[in-house]
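Geometric and topological summary
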Amino acid sequence: MDSSGTLADKVVGKHKLLEVAVALPVSDLFTYRDPLSERCIPLGTQVIVPFGRRTVTGFVVGYTEQAPSEMRDIVEVVGEGPALDEPVLALCRWAAAYYLAPLGEVLGAALPRGERASSSRRMRLTKAGQEAASGETPAGLAAMALDAGDRAFLARLKKSRTLSVVAIGRSLPAEASRVPFLVERGFVEIVDAIRGTNKGRKADIGKVQLEVAKAPSLPTLNAHQDSAYAALLSALGGGYATFVLQGVTGSGKTEVYLRLIAEARKRGLGALVLVPEIALTPQLAERFRARFGDDVAVLHSALPPAERIAAWRRLRKGEVGIAVGARSAVFAPVRSLAVIVVDEEHDGSFKQEEGFRYHARDLAVMRASQSNGLAILGSATPCLETYRNVLLGRFRRLLLPTRANPLAANRPLPPVELIDLRRHPAPDGLLSPPLSLAVDLTLSMGEQTILFLNRRGFSTFVHCRSCGYVLRCKACSVSLTLHKAQGHLLCHYCGSTEKICEVCPQCKTPGLEGMGSGTERVETLVRQRFPQARVARLDRDTADGGRLEALLSKVHASEIDILIGTQMVTKGHDFAGVTLVGILQPDQGIHLPDFRAAERTFQLMEQVAGRAGRAARPGRIMVQTYCPDHPAIQFLKQHDYEGFVRDELSNRESAAYPPFWRMVAIRVDAPDERSAREAASAAACYARAAADSAVRVLGPSEAPIPRLRGRSRFQVWLSSTDRGKLLTVARVTQRVPLPRGVRLEVDVDPQSVL
Ligand code: ADP
Ligand code: ZN
């Protein structure tokens with residue numbers, strides 16, 4: 001058999017040595033051999049490999065002919081076919097390079113929890129294996145290939161019934177390399193705890209009210225929607241493009257997405273819809289289900305792993321053409337992907353802030369570009385990065401300037417009244433007399449009010465009136481928030497709780513007192529002030545565990561008169577009866593020590609303002625502030641997003657901040673302050689040595705939250721207008737030798753300064 005020079009030879013021959021990215025924070029690829037030379041393992045396949053003294057998960061990302069001096073065999077090939085398909089693999093490669101993250105870690109993050117082969121995987125004997133192990137007549141020819149070692153191993157496996165795949169690499173390294181052979185010959189099979197259970201449940205996904213999907217009566221698009229839709233439609237199938245669909249809340253953006261996706265599906269193309277924190281916007285997911293029924297997989301973060309895996313598989317097989325999900329759904333294996341929607345693209349939850357740090361909006365744009373599809377970024381208040389891309393001509397903007405609901409269409413956005421707290425003092429800055437009066441009026445007309453305060457809990461800190469001591473989290477350098485209803489003090493950063501104490505831990509007098517206000521205190525105050533009103537509170541304390549939907553439907557049914565809430569009330573809800581929105585303390589957001597503080601506060605205010613007057617009756621917005629002249633407040637008063645953005649862009653430009661300058665934060669932490677400080681200093685030194693005048697290096701400095709979860713934190717900030725140079729310098733800091741326990745993370749395009 002002469003196969004020299006044929007394609008088959010090239011493919012098979014070169015496939016013998018596999019380049020594997022292990023799902024660990026190491027950036028190198030490692031070469032392994034497949035002991036079964038006759039098969040070909042496709043790219044993206046998940047494998048189990050020995051690594052040092054461990055056995056770990058990895059992904060085949062390439063082939064090589066160059067054998068390293070020391071090379072080991074893979075232990076197992078996981079699943080049938082590659083876990084990650086070619087487009088997702090391509091996206092991950094790009095992301096690993098852009099975010100300076102280890103490819104294996106990126107690939108691991110791209111799989112849903114549970115799909116990643118876990119330590120729970122175990123091997124057991126098949127029937128043939130049982131026979132061979134008990135020394136019975138060899139089961140056919142296959143058993144003839146077994147050597148004494150194999151038989152001993154099978155006997156051992158028989159005795160212990162199952163063995164952990166992970167453990168075997170450690171305890172029986174020699175036998176481990178025979179496992180692929182034994183699996184392939186049918187003596188051993190590998191089972192996963194999670195896989196075992198998902199068989200009965202997989203039908204749950206997307207099996208939604210088919211009746212609803214049949215004939216929803218679709219609204220006729222208004223003129224603005226129509227021209228936006230026409231622009232998108234003519235771009236569909238014509239290669240990559242990113243559109244910004246900028247429309248006030250309620251302008252009918254979602255309706256436009258739905259139409260476009262319907263058209264894409266008609267052509268057999270797939271769609272991906274990213275939404276911020278899907279749990280907070282059940283209605284949006286519902287609208288997709290109502291329109292597309294079985295063809296939608298809603299990748300809810302609360303889905304049990306087995307269901308999530310099932311959804312993933314149905315997408316991969318093309319049984320389902322649309323995925324709706326939060327951040328990590330950007331990696332969903334949608335087939336023939338042609339449309340990617342990022343709804344509320346300015347939302348902070350698209351940034352992954354732990355482990356592999358990425359921005360799902362930016363990955364969505366990249367994925368659209370790699371798959372020659374459309375990205376559609378929807379928002380009433382696109383972020384400055386996106387806006388600048390519009391100005392630069394990279395993204396094309398489509399405007400929906402009016403409300404879609406015909407009852408509200410010709411009405412301008414509700415007027416904004418500023419209440420100067422210096423002239424209208426309010427106890428705790430919570431409810432000034434003019435706002436109180438407006439609530440009364442709204443109540444008397446049988447309409448609904450939203451009061452927005454972006455801080456949950458009762459008091460934001462608790463101090464001792466005699467000695468001034470402030471109760472702090474033991475693991476973090478932040479004060480504890482009093483949550484009266486829950487009966488505890490809570491750290492908003494690490495989530496740890498403490499009992500409410502009677503006496504001051506320092507001076508032992510009973511003088512503890514809560515200071516600063518959160519939504520819980522507002523609720524108490526409102527219940528006192530308006531005893532006749534039906535009051536509800538919407539924040540993470542009241543909306544967990546499925547209570548959100550019940551609460552929202554009560555608001556919809558007008559069974560609530562006054563809804564108090566954190567930014568959860570700003571998220572996309574379409575309440576017809578709300579006519580008054582009170583914004584209680586925007587100042588605290590505006591004055592945060594973060595260059596995005598004004599932008600974020602403006603966005604939140606505009607979002608919550610959009611909850612008023614969405615249907616028949618006109619709305620009214622009241623903003624209580626000590627700084628009525630601040631640009632974020634003044635532009636809000638005019639609903640002048642463009643004006644705000646232009647003003648803010650020029651501030652950013654002169655201060656050398658994004659989107660003009662690019663930034664990288666080097667985040668260093670360690671259990672003790674000294675190691676963290678020293679490692680951060682070393683990182684800064686390395687960076688300064690590597691940087692030319694195009695890259696600025698700031699720091700090291702202590703992080704604004706100097707201790708978090710028991711670790712001291714330091715930062716070094718890099719910035720430049722030259723992305724290539726910036727990343728080169730950032731990469732150099734990754735070479736800083738780190739003592740045990742010290743962690744250094746590179747955060748490209750950081751969103752948080754904390
Ligand atoms: P957005 O996504 O911009 O907030 P939606 O698409 O949710 O806007 O539309 C707001 C409301 O108006 C929804 O209740 C929607 O069903 C309705 N709507 C959308 N488009 C139209 C239209 N062309 N005619 C009538 N109602 C519409
Ligand atoms: Zn804490």
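Residues numbered from 1 in each chain as written. Chains lettered and ligands numbered in written order. Predicted model: local features only at pLDDT ≥ 70, side-chain atom pairs only at ≥ 80, totals over all residues. Heavy atoms only, no water.

1. Side note on helix α2 (residues 86-98)
- Over its 13 residues, α2 extends 18 Å from the first C-alpha to the last, a length consistent with the 18 Å expected when each residue adds 1.5 Å.
- All buried positions along α2 are accounted for by V88, L89, L91, C92, A95, A96 and Y98.
- Where α2 is buried, its residues touch α3 (103-110), α15 (360-370), β28 (662-670), α25 (723-733) and β31 (743-748).
- One or two steps after α2, the chain reaches L100, where phi turns positive at roughly 50 degrees. (Helix = DSSP H or I, 4+ residues; strand = E, 2+ residues; numbered from the N terminus. Expected span 1.5 Å × (residues − 1). Buried < 20%, exposed > 50% of the residue type's maximum accessible area, 1.4 Å probe, protein only. Contact = heavy atoms within 4.5 Å.)

2. A few points about the sheet that holds strand β16 (residues 396-400)
- Judged by pairing direction, the sheet is parallel, and its 7 strands sit side by side in the order β12-β13-β11-β14-β15-β10-β16 without closing on themselves. Of all the strands in the sheet, the pair left with one neighbour each is β12 (296-299) and β16. Neighbouring strand axes in the sheet, compared pairwise and without regard to direction, differ in orientation by 15 degrees on average.
- Pairing analysis gives 4 bridges linking strand β11 (residues 270-274) to strand β13 (residues 322-325), with the strands arranged parallel. The residue bridging L272 from the neighbouring strand is A323, located in β13. (Pairing = 2+ DSSP bridges. Axes fitted to C-alpha atoms, helices over the stretch in contact; angles between N-to-C directions.)

3. So, the coordination of the zinc ion (ligand 2)
- Looking at the zinc ion (ligand 2), the protein donor atoms are C473 (SG), C476 (SG), C491 (SG) and C494 (SG), and they sit 2.3 Å from it.
- Coordination at the zinc ion (ligand 2) comes from 4 donor atoms whose angles at the metal span 106 to 113 degrees, giving a geometry best classed as tetrahedral.
- One chain supplies every donor to the zinc ion (ligand 2), and in sequence these donors are spaced C-x2-C-x14-C-x2-C.
- In this structure C491 comes out as buried when scored by relative accessible area, which is 1%.
- Residue classification places C494 among the partly exposed residues on the basis of a relative accessible area of 24%. (Donors = N, O, S within 2.8 Å, 3.2 Å for Na, K, Ca; no water. Tetrahedral: all angles 85-135°; square planar, octahedral: opposite > 155°, others 65-115°.)

4. Looking at the nonpolar core
- Counting residues in each nonpolar core, the largest one holds 76 residues, and the members touching the most others are F331 and L718.
- With 7 residues, the single largest contributor to this core is α2.
- Residues within four places of F331 in sequence aside, it is in contact with V88, L91, C92, A109, A110, W312, F356, Y358, L363 and R367.
- One finds V555, I560, V569 and L604 within the second-largest nonpolar core, a separate group that totals 42 residues. (Core = buried A, V, L, I, M, F, W, Y, C linked by side-chain atoms within 4.5 Å.)

5. Brief notes about the sheet that holds strand β22 (residues 497-499)
- With respect to topology, 3 strands assemble into an open sheet ordered β20-β21-β22, the strand pairing being antiparallel. Looking along the sheet, the strands with just one partner apiece sit at the ends: β20 (481-483) and β22. Direction aside, neighbouring strands of the sheet carry axes that sit 35 degrees apart on average.

6. Concerning the packing of aromatic side chains
- What the rule picks out here adds up to 12 aromatic pairs.
- Here F30 and F51 contribute two aromatic rings whose centre-to-centre distance is 5.0 Å and whose plane-to-plane angle is 80 degrees, an arrangement assigned as edge-to-face. In this pair, F30 is assigned in strand β2 (residues 30-33) and F51 in strand β3 (residues 46-51), connecting sequence segments 21 residues apart.
- On the numbers, 6.1 Å between centres and 75 degrees between planes, the contact of Y99 with F356 is edge-to-face. One end of the pair, Y99, is in the loop between α2 and α3; the other, F356, is in the loop between β14 (337-343) and α15, and 257 residues separate them in sequence.
- Taken together through their ring pairs, the aromatic side chains of W94, Y98, Y99, F331, F356 and Y358 make up a single cluster.
- Over the ring of F458 we find K484; its NZ or CZ atom is 4.1 Å from the centre of that ring.
- A cation sits over an aromatic face here: R696 above W661, 4.6 Å from the ring centre. (Phe/Tyr/Trp six-rings, centres within 6.5 Å; stacked < 30°, edge-to-face > 60°. Lys NZ or Arg CZ within 6 Å of the ring centre and 35° of its normal.)

7. Quick notes on the confidence of the model for the protein chain
- Residues at a pLDDT of 70 or more form 91% of the protein chain, whose mean pLDDT is 87.
- When pLDDT is averaged over each helix and strand of the protein chain, the minimum, 40, is found for helix α10 (residues 210-214) and the maximum, 98, for α15.
- Segment residues 194-215: pLDDT under 50, and 37 contacts once partners within four positions in sequence are set aside and those in other chains are kept. (pLDDT = per-residue confidence, 0-100.)

8. A short note on the pairing of strand β9 (residues 188-191)
- Here β9 shows a clear split, with V188 and I190 buried on one side and none of E189 and V191 buried on the other.
- Pairing analysis gives 4 bridges linking strand β7 (residues 122-125) to β9, with the strands arranged antiparallel. Looking at β9, one finds that R122 is bridged to V191.

9. What to know about the pattern of salt bridges
- This structure, assessed with the given rule, holds 38 salt bridges.
- Notably, a salt bridge pairs E642 with R397, separated by 3.0 Å at the nearest N-O pair. Taken together, the residues span a long stretch of sequence, with E642 in helix α23 (residues 641-654) and R397 in strand β16 at a distance of 245 residues.
- Assessed through its relative accessible area of 27%, R397 is described here as partly exposed.
- One connected set of salt bridges, linked through shared partners, spans K351, E353, R357, R667, E745 and D747. (Salt bridge = Lys/Arg side-chain N within 4 Å of Asp/Glu carboxyl O.)

10. Side note on the site of ligand 1
- Around ligand 1 lies a shell of 18 residues, among which T220, Q225, G250, T254 and R287 are the nearest.
- One nitrogen or oxygen atom from the main chain of G250 is found 2.9 Å from an oxygen atom belonging to ligand 1.
- One of the backbone nitrogen or oxygen atoms of G252 is found 2.9 Å away from an oxygen atom of ligand 1.
- Of the residues forming the shell around ligand 1, the biggest block, 3 residues, is contributed by helix α12 (residues 253-266).
- Here the residues of the shell around ligand 1 are counted per class, giving 5 nonpolar, 9 polar and 4 charged. (Near = heavy atom within 4 Å. Polar contact = N/O pair within 3.5 Å; in protein donor to acceptor, adjacent residues only side chain to side chain. Nonpolar A, V, L, I, M, F, W, Y, C, P; charged D, E, K, R; others polar.)

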